[in-house]
Amino acid sequence: MNNSDYNKAENAVNKTEDNLQNATDNVKWKINDLADKAREFIKEKKDNNEDVNENDWFDKVKSNFSEAWDDVKDKASEAWEKTKDAAEDVKAEWNKKTN
């Protein structure tokens, strides 16, 4: 296997890492933002003369993180397939050269 083949495999792994990092960076609500979101939620409920309770807040947070998880899972799956395909290409090249 020559350096070009190794470089292809390494680039595929790096791209996978970048895709996963981008997916996590794009999470709709980052942990640090939750306190602000909670204050907004409480204010909105009070402004609408609605009862404020923790379970409603948790439902809202759970829904948001569920959507974010789906986004991360899609990116991770895409990265897995691309890396797997690149690894199979490298393996095929190696087999051609050694047979």
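As shown above, the structure is provided for reference.
The present account deals with the structure reproduced in this document. None of the values given here were measured: they were computed from a predicted structure.

**Considering the overall build of the chain**
Counting its secondary structure elements, the chain contains three helices and zero strands. Moving toward the C terminus, one meets the helices and strands of the chain in the order α-α-α. Counting across all 99 residues of the chain, residues that qualify as buried make up 19%. Taking as baseline every contact in the chain between residues at least 6 positions apart, the subset at least 24 positions apart corresponds to 74%.

**Re the side chain of Lys45**
Tracing the backbone through its elements, the reader meets Lys45 in helix H2 (residues 34–47). Setting aside residues no more than four positions away along its own chain, Lys45 makes contact with Glu50, Asp51, Val52 and Asp56.

**Digging into unusual backbone geometry**
In terms of backbone geometry, most residues other than glycine have negative phi values and most peptide bonds are trans. Despite not being glycine, Asn49 has its phi angle at roughly 55°, a positive value. With respect to the helices and strands, Asn49 occurs in the loop between H2 and helix H3 (54–98). On the basis of relative accessible area, Asn49 is assigned to the exposed category, the value being 73%.

**Describing the pattern of salt bridges**
Applying the stated rule across the entire model yields three salt bridges. Residue Arg39 is joined to Asp36 by a salt bridge in which the shortest nitrogen-to-oxygen separation is 2.8 Å. Here Asp36 and Arg39 lie together in helix H2, a separation of three residues that amounts to about one turn. Two residues, Lys43 and Asp47, come together in a salt bridge whose shortest N-O distance is 2.7 Å. Of the two residues, Lys43 and Asp47 both sit in helix H2, four residues apart, roughly one turn of that helix. Judged by relative accessible area, Lys43 falls into the exposed class, the value being 51%.

Each value, and the rule that gives it
- Residues numbered from 1 in each chain as written.
- Predicted model: local features only at pLDDT ≥ 70, side-chain atom pairs only at ≥ 80, totals over all residues.
- Heavy atoms only, no water.
- Helix = DSSP H or I, 4+ residues; strand = E, 2+ residues; numbered from the N terminus.
- Buried < 20%, exposed > 50% of the residue type's maximum accessible area, 1.4 Å probe, protein only.
- Contact = heavy atoms within 4.5 Å.
- Salt bridge = Lys/Arg side-chain N within 4 Å of Asp/Glu carboxyl O.

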